Amino acid sequence: MSTLVAGVDTSTQSCKVVVRDAETGALRRFGSASHPDGTEVDPAAWWDALGAAVAAAGGLDDVAALAVGGQQHGMVALDADGDVVRPALLWNDTRSAQAARDLVRELGDGDEAVGAQAWADAIGSVPVASLTVTKLRWLRDAEPENAARVAAVALPHDWLTWRIAGYGPAGDPTAPLGPDLDALVTDASDASGTGYWDATRVASPDAAGSGREGYRLDLLELALGRTDVVLPRVVGPSSVAGVAHPGVAGADVEGGALLGPGAGDNAGAALGLGMTAGDVAVSIGTSGVVSAVVPERTADGSGLINGFSDATGRYLLLAVTLNASRVLDAARAVLGVDHAGLSRLALQAPPGADGLVLVPYLEGERMPNRPDATGTLHGVTLKTSTPAHLARAYVEGMLCGLADGLDALRALGVRVERVQLVGGGAQSEAVRQFAPQVLGLPVTVPEPGEYVADGAARQAAWVLAASRAGGEADPPGWGTASGTVSEADEVPAIRAQYAAVRDR
Ligand SMILES: Nc1ncnc2c1ncn2[C@@H]1O[C@H](COP(=O)(O)OP(=O)(O)O)[C@@H](O)[C@H]1O
Ligand SMILES: O=C(CO)[C@@H](O)[C@H](O)COP(=O)(O)O
């Protein structure tokens, strides 16, 4: 019988579980379950969704290893009993925008530009409302009584890994090992998105150490006002991070199911897609993400590009917008159509929608940093007042935001040879057809799949192989995803008309 591994993606909108053959990567089972709406969520909902997704995937009793990928940056603040002090603030919650401005200014001794570069040099990114560090400052300022109770700070994937290992709130029957905060573990890719972890302080991702050398406690103190909190131990990319509680996974496997360190969702997708130099992934989920794997960490003081770590010991550059698949969802709501209907309508209008342009800041924006912005529609005329024009303008506006991210990556010297389009929004035929017109190069659409969960499963197989080999192994080959290539001539007018109104 073949050995099985599992990967989890605890993403913004749902939890997905894949079970794959550890040797070949063949998909054996899949399950998913929804998360609640909103930008603050009780993590208990993620635990419940995991249980439902695991059940839908036929259980995990037979998997030999498991890893969790997940939405980045969410602030999971725990008290000494392992309870959350308040619902988690997610990456797309913008209430900490002022806290971000304050932190930038303070590190620059009152000078914003100096502060921005100082943060980029320190952690690879300039804080915006998405990053955990700004949420901790917000907590200190807005809810001091909750801030005073914080005994540990974790991220969504760290917290779920801790729960899978059997830890959790005191007295919770699903957490037989209790609230041991020192058992929290994470990986470099997610730690690098906190705003208080510096990858360059760690000699090598696998170097033996406490797993806490990368933390910038001075920056944690700047945010929370103190440092006496537990931060998850950062575990190397192929290292064993623990063992799953048999009630969750591995009940039928000798020694139980090994736990991988997990990863931030975009690093998970990069591993799932097998990205190498020259590859750029464009993900259209709740967030719009343009990402590339590079050998060196960057320090973009403009704040457009996050210099995070990947899940293999390299670095992952990200341009992230707050407005992606939900722009399509908003268009469907306005037009009263389903996904296929929106796509059909959009394909009926000409490129550029006769000048109808949506600047899609429906939830504020992160790249560029405009947390308080709202969306605007330009070029409304009798001619453009049709459902088809509106549908096309929404799709093009969303893609123009991502094209700006691609430009920002190129400006940092990233070579772009192949663009892979993933995430829920990549299932839209209109998105697939318009993407090359807007991005200006052919777009590969891999087979529809769950690339974050796949990356987590691949990590699990890697951890398993390394543990069997006594520590050293390469990530399993598993082949690369096949896909179709969408080609079309670039239509520069689409981005030109967008650029003309974007900054008004
Ligand atoms: N056929 C489709 N066309 C366009 N968008 C789609 C389609 N199917 C699903 N989506 C959108 O994809 C999104 C979910 O994608 P996903 O990548 O799982 O998001 P997240 O990772 O943020 O949870 C939803 O907003 C959903 O409306
Ligand atoms: O904030 C980031 C990365 O910096 C987002 O990528 C989140 O990690 C959420 O992603 P999705 O759930 O939309 O895929």
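Thresholds applied
Residues numbered from 1 in each chain as written. Chains lettered and ligands numbered in written order. Predicted model: local features only at pLDDT ≥ 70, side-chain atom pairs only at ≥ 80, totals over all residues. Heavy atoms only, no water. UniProt positions renumbered as here; feature names shortened; annotations may be inferred. pLDDT = per-residue confidence, 0-100. Buried < 20%, exposed > 50% of the residue type's maximum accessible area, 1.4 Å probe, protein only. Helix = DSSP H or I, 4+ residues; strand = E, 2+ residues; numbered from the N terminus. Pairing = 2+ DSSP bridges. Near = heavy atom within 4 Å. Polar contact = N/O pair within 3.5 Å; in protein donor to acceptor, adjacent residues only side chain to side chain. Areas by Shrake-Rupley, 256 points an atom, 1.4 Å probe, with all protein chains shown as cover. Nonpolar A, V, L, I, M, F, W, Y, C, P; charged D, E, K, R; others polar. Core = buried A, V, L, I, M, F, W, Y, C linked by side-chain atoms within 4.5 Å. Contact = heavy atoms within 4.5 Å. Arc of directions from axis to C-beta.

If you look the protein chain up in an unreviewed UniProt entry, it shows as Xylulose kinase from Cellulosimicrobium arenosum. Check the Sequence similarities (unreviewed entry) section of the UniProt entry for the protein chain; it says "Belongs to the FGGY kinase family."

With respect to the confidence of the model for the protein chain
Per-residue pLDDT for the protein chain averages 96, and the proportion of residues at 70 or more is 99%. For this predicted complex, the interface score ipTM comes out at 0.98, alongside a pTM of 0.95.

Focus on the pairing of strand 17 (residues 315-321)
For strand 17, a buried count of 7 out of 7 residues is recorded, marking the element as mostly surrounded by other parts of the structure. Of the two faces of strand 17, both are covered, the one formed by Tyr315, Leu317, Ala319 and Thr321 as well as the one formed by Leu316, Leu318 and Val320. One ladder, built from 7 bridges, connects strand 15 (residues 288-294) with strand 17; its direction is antiparallel. When the sheet's bridge partners are listed, Ser291 is paired in strand 17 with Leu318. Bridge count for strand 16 (residues 306-309) against strand 17 is 4 bridges, and the pairing is antiparallel. Across the sheet, residue Ser309 finds its bridge partner in strand 17, namely Tyr315. Connecting strand 16 to the antiparallel partner strand 17 that follows it, the hairpin turn spans 5 residues, and Gly313 within it adopts a positive phi of roughly 100°.

Overview of the site of ligand 1
With respect to spatial proximity, 15 residues lie near ligand 1, and among them Ser11, Lys16, Thr286, Ser325 and Asp329 are the closest. One nitrogen or oxygen atom from the side chain of Ser11 is found 2.6 Å from an oxygen atom belonging to ligand 1. Between ligand 1 and Gln13, the relevant distance is 2.9 Å, taken from an oxygen atom to a main-chain nitrogen or oxygen of the residue. In isolation ligand 1 offers 590 Å² of accessible surface; the protein chains occlude 81% of this area. It is helix 10 (residues 325-335) that provides the largest number of residues to the shell around ligand 1, a total of 3 residues. Its residues assigned to classes, the shell around ligand 1 shows no nonpolar, 12 polar and 3 charged.

Details of the site of ligand 2
Surrounding ligand 2, one finds 16 residues, the nearest of these being Thr12, Gln72, His73, Asp265 and Arg366. Thr12 is positioned with one of its side-chain polar atoms (N or O) 2.5 Å from an oxygen atom of ligand 2. Within the backbone of Gln72, a nitrogen or oxygen atom sits 2.8 Å from an oxygen atom of ligand 2. Relative to its free-state accessible area of 380 Å², ligand 2 is covered by the protein chains to the extent of 94%. Put simply, the parts of the chain that give the shell around ligand 2 at least two residues each are helix 9 (265-273) and strand 17. Grouping the amino acids of the shell around ligand 2 by side-chain chemistry returns 5 nonpolar, 9 polar and 2 charged.

Section: the nonpolar core
Tyr196, Val280, Leu399, Leu421 and Leu439 are the most contacted members of the largest nonpolar core, which has 106 residues in total. In terms of residue count, the dominant contributor to this core is helix 12 (residues 387-411) (13 residues). Excluding anything up to four places from it in sequence, Tyr196 contacts Ile123, Thr132, Val133, Leu136, Val153, Gly214, Tyr215, Arg216, Leu219, Leu220 and Leu231. The next biggest cluster of nonpolar side chains, apart from the first, holds 43 residues, and it includes Val19, Leu60, Ala183 and Ala249.

Observations concerning helix 10
One full turn of an α-helix is made of 3.6 residues, so residues set three or four places apart face in the same direction. Listing the buried residues of helix 10 in full gives Ser325, Val327, Leu328 and Ala331. When helix 10 is viewed along its axis, its buried side chains cluster within an angular range of 160° and face the same direction. Exposed and facing more than 90 degrees away from the buried side of helix 10 are Ala333 and Val334. For helix 10, the elements touching its buried residues are strand 14 (279-284), helix 11 (339-348), strand 18 (357-359), helix 12 and helix 13 (429-439).

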